[in-house]
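Residues per chain, in single letters:
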Amino acid sequence: MIRPPIEAVIDLDAFGANVTHLRATVGPARLMVVVKADAYGHGRVPITREAVRRGIRDIGALDLESAIALRESGLADDVAILAWLHQPGADFAAGIRAHIDLGVSSPAELEAIATASARLAQTEGHAFVAPRLHLKLDTGLHRNGATAEVWPQLVTAAVDAERAGLVRVHAAWTHIAEASEEEDTLALERFLAGVAVARELGADIRLRHLAASSAGLRRANVRLDLVRMGGHCWGIPSFDGVTPADIGLVPVMTLHAQVLGVRTTETGSASLYVGAGYGDGLPRRLAGRVAVAVRGVRFAVVAVERDHLELTASKDDVRALGIATGDDAVLFGTGAEGEQTVRQWGDLTGTLGDEITTRIAARVPRRYIGGSV
Ligand SMILES: *Cc1c(COP(=O)(O)O)cnc(C)c1O
């Protein structure tokens, strides 16, 4: 089969199976699929479409622009899309018109949203739908969210804006470190205390969420009403010492590239050149640390150049396996063809598998298999 020189194959059936498994595991809590950073390099639109086909009704988009783009890709209003990281001057009116759920971290953000709502209510009349808010409390991670001191002020302002018909208070949420059990337990306690405060202040909190992939899979008591997952949906374990299969997951992305050339030397060694490099988003740190599979056999990566990798082999390997220019090299994937997983690549290079898939350059073509698209 003829492939482009480099290609990321995204298996939507594997993704769908992961989502189905994770949903069943975290249930009765709901599963939000977090598709920030173009679904960690997997492609936001096809991934979201497949998630919805598998019954997901909560999508986490990070920023308003990508949330609106997703809505405009044809996502019906029964799918909630949450945007929570707002740049100064964010276009809340566009988000409200697209029925995006809004994360709110401060009284200033709340005021900007209420102002946009008030204007829209005037211009749109009966067509205006007040946006749903997810009020965010900082429980120690300091990655936005209102501090415990500011929280009552934020909640009160939201309740007032709801009474004025400008917003609908929907959820309370926070983000936890997922680093240690003790910290997460403390964050959970702070969060539940914050929810109690909000309810006392008259907020109708219908949904509470705080956990992501790691804690959400490991600990039942942090799931509450909804768990937000990225990493595990792509089959990349987010905690140590397990393979994807150990936790019922299948890696979704397989990265292929062509063997561009084979060079053998008098001494019996050989080099294989593969058409993928740091220009395609591969970390240079892969050199000396990971291996790539050709014809089912792993060869160590010895150099990462801008447009190619060099693998070390022996003349005997090349001859015995019949390796030739144009062969398919599998960089990472499920392991089915002898390759390592991207989680292993992360471990071997001191980063996260998620980071590697996220950094695969936009110019690398994605080919979707399985699913409904
Ligand atoms: C990225 C992100 C997640 C998902 O994290 P994973 O560890 O990939 O599951 C969940 N919640 C928030 C707020 C995030 O930014």
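Note that the structure is a prediction, hence the values are computed from the model and not measured.

Draft legend 1. Layout of the overall build of the chain. Helices and strands together make up the secondary structure of the chain, namely 12 helices and 16 strands. Its C-alpha atoms give the chain principal-axis dimensions of roughly 80 × 45 × 35 Å. The proportion of buried residues among the 373 residues of the chain is 52%. Here the chain has roughly 15800 Å² of accessible surface; of this, 51% comes from carbon and sulfur atoms. When the 39 positive and 45 negative side-chain charges of the chain are each reduced to one mean point, those points stand 2 Å apart.

Draft legend 2. Structural context of the site of the ligand. Around the ligand, the surrounding shell holds 13 residues, and the nearest of these are Lys36, Tyr40, Ser213, Arg228 and Gly230. Arg228 has a polar side-chain atom sitting 2.8 Å from a nitrogen atom of the ligand. Gly230 is positioned such that a nitrogen or oxygen atom in its backbone is 2.8 Å from an oxygen atom of the ligand. Starting from 390 Å² of accessible surface for the ligand in isolation, the protein chains cover 90%. At the level of elements, helix H2 (36–40) and strand S9 (226–229) are the ones that each hand at least two residues to the shell around the ligand. For the shell around the ligand, the class distribution of residues is six nonpolar, four polar and three charged.

Draft legend 3. Expanded view of the nonpolar core. Within the largest apolar cluster, 118 residues are counted, with the highest numbers of intra-cluster contacts made by Val33, Trp234 and Leu331. Among residues more than four places away in sequence, those in contact with Val33 are Phe15, Val19, Ala51, Ile56, Asp58, Ile59, Gly60, Met229, Cys233 and Trp234.

Draft legend 4. Structural context of the side chain of His175. Along the polypeptide, His175 turns up in the loop between strand S7 (168–173) and helix H8 (181–200). Side chain to side chain, His175 and Arg143 meet in a polar contact 3.2 Å long. Polar contacts involving the side chain of His175 include one to the side chain of Arg228, which spans 2.8 Å. When neighbours within four sequence positions are excluded, His175 is seen to be in contact with Lys136, Thr139, Leu141, Arg143, Leu210, Ala212 and Arg228.

Draft legend 5. Fine view of the pairing of strand S4 (residues 80–83). Across the two faces of S4 the burial is the same, with Ala80 and Leu82 and Ile81 and Ala83 all buried. Taken together, the four bridges between strand S3 (residues 58–62) and S4 define a ladder with parallel strand orientation. Residue Asp58 lies in a different strand from S4, and its bridge partner there is Ala80. At this point the chain moves from S3, through helix H4 (residues 64–72), to the parallel S4, and the crossover so formed is right-handed. Direction of pairing for S4 relative to strand S5 (residues 101–104): parallel, over a ladder of two bridges. Within S5, the position partnered with Ala83 by the bridge is Leu102. Each parallel crossover has a hand, and for S4 linked through helix H5 (residues 92–97) to S5 it is right-handed.

Draft legend 6. Broad picture of unusual backbone geometry. The residue after Gly27, namely Pro28, is reached through a cis peptide bond having omega 5 degrees. Unusually for a residue other than glycine, His99 sits at a positive phi of about 55 degrees. Owing to a relative accessible area of 31%, His99 belongs among the partly exposed residues under this scheme. Within the chain, His142 stands out as a residue other than glycine whose phi angle is a positive 55 degrees. Within the secondary structure layout, His142 lies in the loop between strand S6 (132–136) and helix H7 (151–163). Its relative accessible area of 65% is what places His142 among the exposed residues.

Draft legend 7. Representation of the environment of Glu109. Along the chain, the position of Glu109 falls in helix H6 (residues 107–124). Residue classification places Glu109 among the buried residues on the basis of a relative accessible area of 17%. For the pair Glu109 and Leu154, spaced 45 residues apart in the sequence, the C-alpha separation amounts to 9.4 Å. Discounting residues that sit within four places of it in the chain, Glu109 has contacts with His86, Phe92, Gly103 and Val104.

Draft legend 8. A look at the packing of aromatic side chains. One pass over the structure, following the stated rule, counts four aromatic pairs. When the ring of Phe15 is compared with that of Trp234, the centres are 5.7 Å apart and the planes differ by 15 degrees; the resulting orientation is stacked. On the criterion of sequence distance, the pair formed by Phe15 in helix H1 (residues 12–26) and Trp234 in the loop between S9 and strand S10 (253–264) is long-range, its members being 219 residues apart. In terms of burial, Phe15 and Trp234 fall into one category: buried. Here Phe332 and Trp345 contribute two aromatic rings whose centre-to-centre distance is 5.2 Å and whose plane-to-plane angle is 70 degrees, an arrangement assigned as edge-to-face. Residue Phe332 is located in strand S15 (residues 328–332), and its partner Trp345 is located in helix H11 (residues 342–349); the two are separated by 13 residues in the primary sequence.

Draft legend 9. Structural context of the environment of His308. As for its position among the elements, His308 is in the loop between strand S13 (297–304) and strand S14 (309–314). Along the primary structure His308 and Tyr278 are separated by 30 residues, whereas in three dimensions their C-alpha atoms are 7.9 Å apart. Contacts of His308, omitting those with residues within four sequence positions, involve Leu260, Tyr273, Val274, Ala276, Gly277 and Ala303. At 3.1 Å, the side chain of His308 forms a polar contact with the side chain of Asp307.

Scoring rules and cut-offs
Residues numbered from 1 in each chain as written. Predicted model: local features only at pLDDT ≥ 70, side-chain atom pairs only at ≥ 80, totals over all residues. Heavy atoms only, no water. Helix = DSSP H or I, 4+ residues; strand = E, 2+ residues; numbered from the N terminus. Buried < 20%, exposed > 50% of the residue type's maximum accessible area, 1.4 Å probe, protein only. Areas by Shrake-Rupley, 256 points an atom, 1.4 Å probe, with all protein chains shown as cover. Lys, Arg positive; Asp, Glu negative; His and termini not counted. Charge placed at Lys NZ, Arg CZ, Asp CG, Glu CD. Near = heavy atom within 4 Å. Polar contact = N/O pair within 3.5 Å; in protein donor to acceptor, adjacent residues only side chain to side chain. Nonpolar A, V, L, I, M, F, W, Y, C, P; charged D, E, K, R; others polar. Core = buried A, V, L, I, M, F, W, Y, C linked by side-chain atoms within 4.5 Å. Contact = heavy atoms within 4.5 Å. Pairing = 2+ DSSP bridges. Right-handed = clockwise from strand over helix to strand, strands pointing away. Phe/Tyr/Trp six-rings, centres within 6.5 Å; stacked < 30°, edge-to-face > 60°.

Just geometry here; none of it tells us what the structure is for.
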